Amino acid sequence: MKTRWKKILPFFKKRRKYFFAIIPALIVGAIVFITLLDNVRTDTYDIQRFAVSDETIRSPITIEDKQETDQRIREAVNAIPDRYSISEEVTEERLNYINEIFEAVLKVKEEHEEDTLEGIYEEEATELKALLSEEISSEVSEDVFILLLQQSKADLDEAKTLFTQALKEVLNQGVRTENIQSGITNIERAIADSELNSDLQEALMELADFAVVENSFFDYEETAQEKKDAATLVDPVIIRAGETIVREGQTITNEIYEQLELVGVLSQEGNIYPILALVLLSAIIAYFFGLECLQIAKNKEWSVLPIVAAVLLSALAIFLMKVGSVFFDQFNALYLLTPIAAITIVLKLLLNERSAIRLGILYAVLAAFMFNNHIAGMLHVEAAIYFLFSQLAAIVLMKKLSDRFVILKTAIGLMIIHSAVIILFIFLSFEKYTWFDVFSSVGLGVAAAFLSAIMAIGLLPLFESFLGILTDMKLLQLSNPNQPLLKKLLVEAPGTYHHSVMVANISETACEAVGANGLLARVGAYYHDIGKTVRPGFFIENQMPNKNPHDVLPPKQSADIIIRHTTDGANLLKAHKMPKEIIDIAKQHHSNSLVKFFYVKAKELNSEAEEADFRYPGPKPETKETAIICICDSVEPAVRSIQDPTPEKIDSIVSSIINSKISDGQLDNSPLTLKELKIIQHTICDALKGIFHSRIQYPKEEGDK
């Protein structure tokens with residue numbers, strides 16, 4: 001068993017840094033899954049046909065109602081009447097027959113114009129039939145011919161015109177089998193309304209029975225094409241996600257029941273797929289969150305506290321969106337009131353801008369799912385865009401924190417961005433809106449901006465206190481000269497106070513040159529020598545001329561007093577509950593350097609004096625800020641002690657001190673690179689040259705001594 005653990009433990013130790021990503025990722029993934037479960041899970045109902053619905057039911061998906069679509073297609077096709085085509089040949093044939101009859105009658109009358117014998121009309125009719133086409137002579141009775149032959153030429157011309165016009169109108173309208181009689185009736189009505197004599201009217205009416213025949217025939221191809229076109233024009237019946245299928249108190253008709261069955265709310269069959277999708281979404285969010293946590297841990301020297309802060313703030317962001325989604329529906333825009341920007345503001349102040357941006361994008365993606373009105377197939381894209389712009393604006397507007405009013409100034413800028421995005425959404429929409437809608441929505445966005453500021457101001461102290469995370473806000477508070485320890489330093493050790501301020505200014509400049517936390521370096525430098533207030537008179541910067549207590553003390557005792565100021569300072573800072581980063585600076589700012597003056601002095605008195613007894617206990621600087629303060633703490637008094645400092649002398653002594661610390665191994669545990677040390681050296685030299693510049697020697701006036 002012991003052998004097995006010996007093999008397993010190195011494996012975990014080697015990969016323990018990945019637990020900074022895996023555990024937070026699993027926690028956030030689980031939170032996402034639990035929170036979004038009711039947003040993607042489809043509720044099912046036990047409903048019977050013709051029952052009364054107890055609640056309003058909306059479709060969870062977008063789907064085509066094929067049955068309803070097919071029914072509408074059938075209705076559209078059946079609404080298309082049969083198409084008939086009129087035969088021009090038949091029309092022309094019947095008109096030609098009528099024209100032939102009247103021309104033959106006139107011809108026969110001309111030939112027998114002088115005959116006045118009785119019975120002549122029977123002979124003329126017989127002659128007339130011989131002239132006419134067989135179809136005419138076989139279908140038109142002889143009595144019609146006799147009546148026509150008895151008419152005058154003028155009456156015949158008038159009758160021909162009238163009959164031809166009436167017949168043409170009927171035939172051009174199309175005569176089908178079922179409306180032949182109506183066509184004949186129309187012609188007879190035209191004849192009866194004319195001023196022709198009764199005999200001629202009688203002949204024409206009988207002639208109508210012969211003239212009107214079927215000339216409109218069923219056109220299969222045209223009918224089929226029109227039915228096909230009608231079916232194509234029918235839009236599919238779509239039941240869209242979020243569409244109300246049945247309202248509370250409404251009877252479940254057979255049609256409604258089939259729609260409920262179609263969208264899958266009457267069974268559990270469709271529920272597994274949204275849940276699988278949610279598992280996939282949670283895994284994706286967890287993956288990206290884990291990667292970011294790994295980067296945060298790496299940037300924060302593998303401290304667990306920033307990871308805890310990221311997890312807690314992410315959980316709070318999800319909780320805020322969930323609460324907003326409970327009150328949100330398709331008839332209001334309450335998602336605009338969610339103060340999500342507060343989370344990214346705190347993330348930027350606690351962690352860094354990069355992490356705030358990346359996590360803010362994840363929150364915006366979750367908003368699209370969170371505010372889907374509990375409809376699995378929907379995404380609220382407007383909410384996602386609004387949250388994304390809100391968080392990005394908060395990060396960009398949140399400049400370097402100088403006081404708490406910076407957050408309120410950020411809120412004012414955020415208010416403008418919120419208003420612009422909301423107006424953009426409203427003006428781009430096709431829905432009708434009133435000015436009341438515009439002002440109410442903008443009001444929600446303005447309220448969200450100020451809520452974000454208030455929440456950010458409230459959250460920062462909580463994370464500072466409970467998690468012990470040092471923020472710029474806390475550092476600004478500690479830099480206030482009215483802080484008890486700084487007042488103590490100023491009153492009891494004014495020389496040390498001045499030295500600390502000088503070191504703070506130089507350290508901040510050097511830190512910013514290499515991307516370290518300049519504000520932390522400044523505040524840490526203010527407190528780094530606070531331990532000297534325990535015995536201020538034993539440090540040269542606080543001594544009066546010719547009053548050095550070390551002159552009467554053994555070198556070892558003097559060295560102990562000097563060395564002890566680092567532990568005294570750490571103890572004072574702990575007693576005042578100062579942040580760990582400040583305490584570490586107080587303990588580490590001398591590294592394990594040698595108190596060389598008293599060591600040499602002791603060596604002169606006792607050649608067996610041990611160097612280790614005259615070294616600071618350390619530990620060595622472990623951060624960039626502490627290492628830079630360590631350098632500046634040695635450089636500032638060294639340069640101040642130079643008589644008539646010149647740029648060359650400053651460059652020489654700064655280079656000498658940095659090289660000495662490197663060769664002595666005092667910076668071995670710091671993350672500073674040689675390139676960064678070069679930058680720090682040049683920055684410190686420039687700062688010191690500005691402080692210890694040459695001054696003009698003003699001439700003395702007469703009378704001055």
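Everything numeric here is computed off the predicted structure, so don't read it as measured data.

1. Observations concerning the overall build of the protein chain
Right, on to step 1. Secondary structure summary: the protein chain contains 29 helices and six strands in total.
Right, on to step 2. Over its C-alpha trace the protein chain gives a radius of gyration of 52 Å, far above what one expects of a compact globule, namely 27 Å for 705 residues.
Right, on to step 3. Principal-axis analysis of the C-alpha atoms places the extent of the protein chain at approximately 185 × 85 × 45 Å.
Right, on to step 4. In the protein chain, which comprises 705 residues, the share counted as buried stands at 44%.
Right, on to step 5. Of the accessible surface of the protein chain, which amounts to about 38000 Å², a share of 57% is contributed by carbon and sulfur atoms.
Right, on to step 6. Side-chain charges of the protein chain comprise 68 positive and 96 negative groups, with the mean position of each set lying 34 Å from the other.

2. Structural notes on the nonpolar core
Right, on to step 1. Ranked by internal contacts, the top residues of the largest apolar core, which has 70 residues, are Met-321, Tyr-335, Ile-343, Leu-350, Phe-371, Tyr-386 and Phe-387.
Right, on to step 2. Broken down by secondary-structure element, the contributors of at least two residues to this core are α2 (19–40), α13 (272–299), α14 (304–327), α15 (341–350), α16 (353–370), α17 (381–397), α18 (405–428) and α19 (435–466).
Right, on to step 3. Non-local contacts of Met-321, meaning those with residues more than four positions away in its chain, are made with Thr-338, Ile-340, Tyr-363, Leu-366, Ala-367, Met-370, Phe-371 and Phe-387.
Right, on to step 4. Formed by 52 residues, the second largest nonpolar core is a distinct cluster that contains Leu-475, Leu-485, Ala-510 and Ile-585.

3. Let's talk about the packing of aromatic side chains
Right, on to step 1. Scanning the model with the defined rule gives nine aromatic pairs in all.
Right, on to step 2. Geometrically, the ring pair formed by Tyr-97 and Phe-210 is tilted, given 5.8 Å between the ring centres and 35° between the ring planes. Residue Tyr-97 is located in helix α4 (residues 88–111), and its partner Phe-210 is located in helix α10 (residues 198–211); the two are separated by 113 residues in the primary sequence.
Right, on to step 3. Judged by its relative accessible area of 5%, Phe-210 is buried.
Right, on to step 4. Put simply, the rings of Tyr-335, Phe-371, Tyr-386 and Phe-387 touch in pairs and so form one group of aromatic residues.
Right, on to step 5. Taking the ring centre of Phe-210 as reference, the NZ or CZ of Arg-94 above it sits at 4.6 Å.
Right, on to step 6. We note Arg-176 situated over the ring of Tyr-84; from NZ or CZ to the ring centre the distance is 4.3 Å.

4. Structural notes on a nonpolar patch on the surface
Right, on to step 1. Together, Leu-379, Val-381, Ile-385, Phe-389, Leu-397 and Ile-417 give the surface a local cluster of nonpolar side chains, amounting to about 470 Å² of exposed area.
Right, on to step 2. The leading source of residues in the nonpolar patch is α17, at four residues.
Right, on to step 3. Looking at the element boundaries, Phe-389 is found in helix α17.

5. Some remarks on the state of the cysteines
Right, on to step 1. Taken as a whole and assessed by the stated rule, the structure comprises zero disulfides.
Right, on to step 2. As a non-bridged cysteine, Cys-511 has Cys-632 as the owner of its nearest cysteine sulfur, 7.6 Å distant.
Right, on to step 3. Relative accessible area serves as the criterion here: at 0%, Cys-511 is assigned to the buried category.
Right, on to step 4. Residue Cys-630 stays outside any disulfide, its sulfur separated by 9.4 Å from that of Cys-632, the closest cysteine.
Right, on to step 5. Given the relative accessible area of 1%, Cys-630 is considered buried.

6. Things to note about the confidence of the model for the protein chain
Right, on to step 1. When pLDDT is averaged along the protein chain, the result is 84; 90% of the residues meet or exceed 70.
Right, on to step 2. Contacts for the low-pLDDT stretch residues 5–14, under 50 throughout, to residues beyond four places or in other chains number two contacts.
Right, on to step 3. Across residues 700–705, where pLDDT falls below 50, the model places one contact with residues more than four positions away in sequence or in other chains.

7. Observations regarding helix α8 (residues 153–173)
Right, on to step 1. Over its 21 residues, α8 runs 30 Å from end to end, which matches the ideal 30 Å to within 8%, given 1.5 Å per residue.
Right, on to step 2. Note on α8: the residue one or two positions beyond its end, Gly-174, has a positive phi of about 95°.

8. Some thoughts on unusual backbone geometry
Right, on to step 1. A cis amide bond, omega 0°, links Gly-618 with the succeeding residue Pro-619.
Right, on to step 2. Looking at the secondary structure, you find Pro-619 in the loop between α26 (596–605) and α27 (624–640).
Right, on to step 3. Despite not being glycine, Phe-50 shows a phi value in the positive range, around 65°.
Right, on to step 4. Inspection of the secondary structure puts Phe-50 in the loop between α2 and β1 (57–58).
Right, on to step 5. The phi torsion at Lys-577 lies on the positive side, around 55°, for a residue other than glycine.
Right, on to step 6. Mapped onto the elements of the fold, Lys-577 is located in the loop between α24 (555–575) and α25 (580–588).

9. Thoughts on a negative patch on the surface
Right, on to step 1. Together, Asp-143, Asp-199, Glu-202, Glu-206 and Asp-209 make up a negatively charged patch on the protein surface.
Right, on to step 2. Sort the elements by how many residues they give to the negative patch and α10 lands first, with four residues.
Right, on to step 3. Tracing the backbone shows Asp-143 in helix α7 (residues 142–149).

10. What about the environment of Arg-354?
Right, on to step 1. Here Arg-354 shows up in helix α16.
Right, on to step 2. With 41 residues separating them along the chain, Arg-354 and Ile-395 place their C-alpha atoms 9.4 Å apart.
Right, on to step 3. Contacts of Arg-354, omitting those with residues within four sequence positions, involve Glu-292 and Gln-295.
Right, on to step 4. Among the polar contacts listed, one links the side chain of Arg-354 to the side chain of Glu-292, at a separation of 3.0 Å.

11. Some points on helix α11 (residues 220–233)
Every α-helix winds through 3.6 residues per turn, so residues three or four apart in the chain are directed the same way.
Right, on to step 1. When the terminal C-alpha atoms of α11 are compared, their 20 Å separation across 14 residues agrees well with the 20 Å that a helix rising 1.5 Å per residue should span.
Right, on to step 2. The opening residue of α11 is Asp-219, an N-cap whose side-chain oxygen sits 3.3 Å from the backbone nitrogen of Glu-221.

12. As for the pattern of salt bridges
Right, on to step 1. Throughout the structure, instances matching the rule amount to 23 salt bridges.
Right, on to step 2. Between Asp-584 and Lys-580 there is a salt bridge, with its nearest N and O atoms 2.8 Å apart. One end of the pair, Asp-584, and the other, Lys-580, are both in helix α25, four residues apart, so they sit about a helical turn from each other.
Right, on to step 3. Taking the relative accessible area as the measure of exposure, Lys-580 reaches 59% and is therefore exposed.
Right, on to step 4. Residues Arg-640 and Glu-636 are paired through a salt bridge, measuring 2.8 Å at the closest nitrogen-oxygen approach. Within this pair, Arg-640 and its partner Glu-636 are both found in helix α27, separated by four residues, close to a single helical turn.

13. Topic: the environment of Glu-243
Right, on to step 1. Following the sequence through the fold, Glu-243 ends up in the loop between β5 (238–239) and β6 (244–246).
Right, on to step 2. A sequence separation of 152 residues divides Glu-243 from Thr-91, and the C-alpha atoms of the two residues are 57 Å apart.
Right, on to step 3. Beyond its immediate chain neighbours, meaning those up to four positions away, Glu-243 contacts Ile-57, Arg-58, Ser-59 and Ile-238.

14. Focus on the side chain of Asp-568
Right, on to step 1. As for its placement among the helices and strands, Asp-568 is situated in helix α24.
Right, on to step 2. There is a polar contact of 3.3 Å between the side chain of Asp-568 and the side chain of Arg-535.
Right, on to step 3. If we ignore the near neighbours within four places in the chain, the residues touching Asp-568 are Gly-531, Val-534 and Arg-535.

15. As for the packing of α4 against α8
Right, on to step 1. Packing of α4 against α8 brings their axes to within 10 Å, and their N-to-C directions diverge by 175°. Taken together, the axis directions place α4 and α8 in an arrangement best described as roughly antiparallel. Between α4 and α8, the residues in contact are Thr-91, Arg-94, Leu-95, Ile-98, Asn-99, Phe-102, Glu-103, Val-105, Leu-106 and Lys-109 and Lys-153, Leu-156, Asp-157, Ala-159, Lys-160, Phe-163, Thr-164, Leu-167, Lys-168, Leu-171 and Asn-172, respectively.
Right, on to step 2. Taken together, the residues that form the contact of α4 with α8 break down as 10 nonpolar, four polar and seven charged.

Rules and cut-offs
Residues numbered from 1 in each chain as written. Predicted model: local features only at pLDDT ≥ 70, side-chain atom pairs only at ≥ 80, totals over all residues. Heavy atoms only, no water. Helix = DSSP H or I, 4+ residues; strand = E, 2+ residues; numbered from the N terminus. Rg over C-alpha atoms; globule rule 2.2 N^0.38 Å. Buried < 20%, exposed > 50% of the residue type's maximum accessible area, 1.4 Å probe, protein only. Areas by Shrake-Rupley, 256 points an atom, 1.4 Å probe, with all protein chains shown as cover. Lys, Arg positive; Asp, Glu negative; His and termini not counted. Charge placed at Lys NZ, Arg CZ, Asp CG, Glu CD. Core = buried A, V, L, I, M, F, W, Y, C linked by side-chain atoms within 4.5 Å. Contact = heavy atoms within 4.5 Å. Phe/Tyr/Trp six-rings, centres within 6.5 Å; stacked < 30°, edge-to-face > 60°. Lys NZ or Arg CZ within 6 Å of the ring centre and 35° of its normal. Patch = residues over 30% accessible without salt bridge, like charges linked within 9 Å, V, L, I, M, F, W, Y side chains within 5 Å. Salt bridge = Lys/Arg side-chain N within 4 Å of Asp/Glu carboxyl O. Disulfide = S-S within 2.5 Å. pLDDT = per-residue confidence, 0-100. Expected span 1.5 Å × (residues − 1). Polar contact = N/O pair within 3.5 Å; in protein donor to acceptor, adjacent residues only side chain to side chain. Axes fitted to C-alpha atoms, helices over the stretch in contact; angles between N-to-C directions. Parallel < 35°, antiparallel > 145°, perpendicular 65-115°, else oblique. Nonpolar A, V, L, I, M, F, W, Y, C, P; charged D, E, K, R; others polar.

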